[in-house]
Amino acid sequence: MSLHKMVLGSASLGVAVIGLIYLLAPHLLLDVYGVDIQSPSEANIFRSGSGSLYVALAILFCLGASHTRYTRTSLVTLFTFMSGLAAGRLVSIVADGWPHPLLIAVLVVEASYAGAAAYALRVADSSPQLRETA
């Protein structure tokens, strides 16, 4: 199995699981951190802003893992997405203090996926087949 398939495939699985939980039962994740949904508007924000967005990105990552036409776009998106999440967590640590320890572990995972996507992009750039894709 190629590097880009492993990176994108595992990312699609993890992001899909988180997205489906946010979409179908956001309180399950939010309760862990002590966040309470108190209105339909709050539920809507988490279901659409996290749930649907994560599921859509998981679909893109899965496409990139299975079709070389979408590999480069998926890797760039994975790098941008995970880098953005990790950067936001770092800003929050500086601005707000240390979060729940589980969120520190999530930061490590996000930074690791950003690094893996960057590395896979370098490998893809050396592949004539992947270099010619979107």
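Draft legend 1. Spotlight on the nonpolar core. Ranked by internal contacts, the top residues of the largest apolar core, which has 18 residues, are L8, V15, F61, L75, L78, F81 and M82. Every element with two or more residues in this core is listed here: α1 (3-24), α3 (40-66), α4 (68-96) and α5 (101-125). Non-local contacts of L75, meaning those with residues more than four positions away in its chain, are made with H4, V7, L8, A117, A120, L121 and A124.

Draft legend 2. Region of interest: the environment of S12. Relative to the helices and strands, S12 is located in helix α1. Linking S12 and V55, residues 43 residues apart in sequence, is a C-alpha distance of 8.5 Å. From its side chain, S12 meets the backbone oxygen of G9 in a polar contact 2.8 Å long.

Draft legend 3. Up close: α4. Helix length check: α4 (29 residues) gives 41 Å between terminal C-alpha atoms against 42 Å at 1.5 Å per residue, within 8%. Turning to α4, its buried residues are T71, S74, L75, L78, F81, M82, A86 and I93. Downstream of α4 by a residue or two, G97 has a phi angle that is positive, lying close to 100 degrees.

Draft legend 4. Seen up close, the side chain of H4. The topology assignment puts H4 in helix α1. Accessibility expressed as a relative area gives 12% for H4, which makes it buried. Here S2 takes part through its side chain, which lies 3.2 Å from a polar atom of the side chain of H4.

Draft legend 5. Spatial organisation of the side chain of E110. Structurally, the position occupied by E110 is in helix α5. Assessed through its relative accessible area of 5%, E110 is described here as buried. Side chain to side chain, E110 and R89 meet in a polar contact 2.7 Å long. If we ignore the near neighbours within four places in the chain, the residues touching E110 are M82, L85, A86 and R89.

Thresholds applied
- Residues numbered from 1 in each chain as written.
- Predicted model: local features only at pLDDT ≥ 70, side-chain atom pairs only at ≥ 80, totals over all residues.
- Heavy atoms only, no water.
- Core = buried A, V, L, I, M, F, W, Y, C linked by side-chain atoms within 4.5 Å.
- Buried < 20%, exposed > 50% of the residue type's maximum accessible area, 1.4 Å probe, protein only.
- Helix = DSSP H or I, 4+ residues; strand = E, 2+ residues; numbered from the N terminus.
- Contact = heavy atoms within 4.5 Å.
- Polar contact = N/O pair within 3.5 Å; in protein donor to acceptor, adjacent residues only side chain to side chain.
- Expected span 1.5 Å × (residues − 1).

So, to be careful, I would describe these as geometric facts and stop short of saying anything about function.
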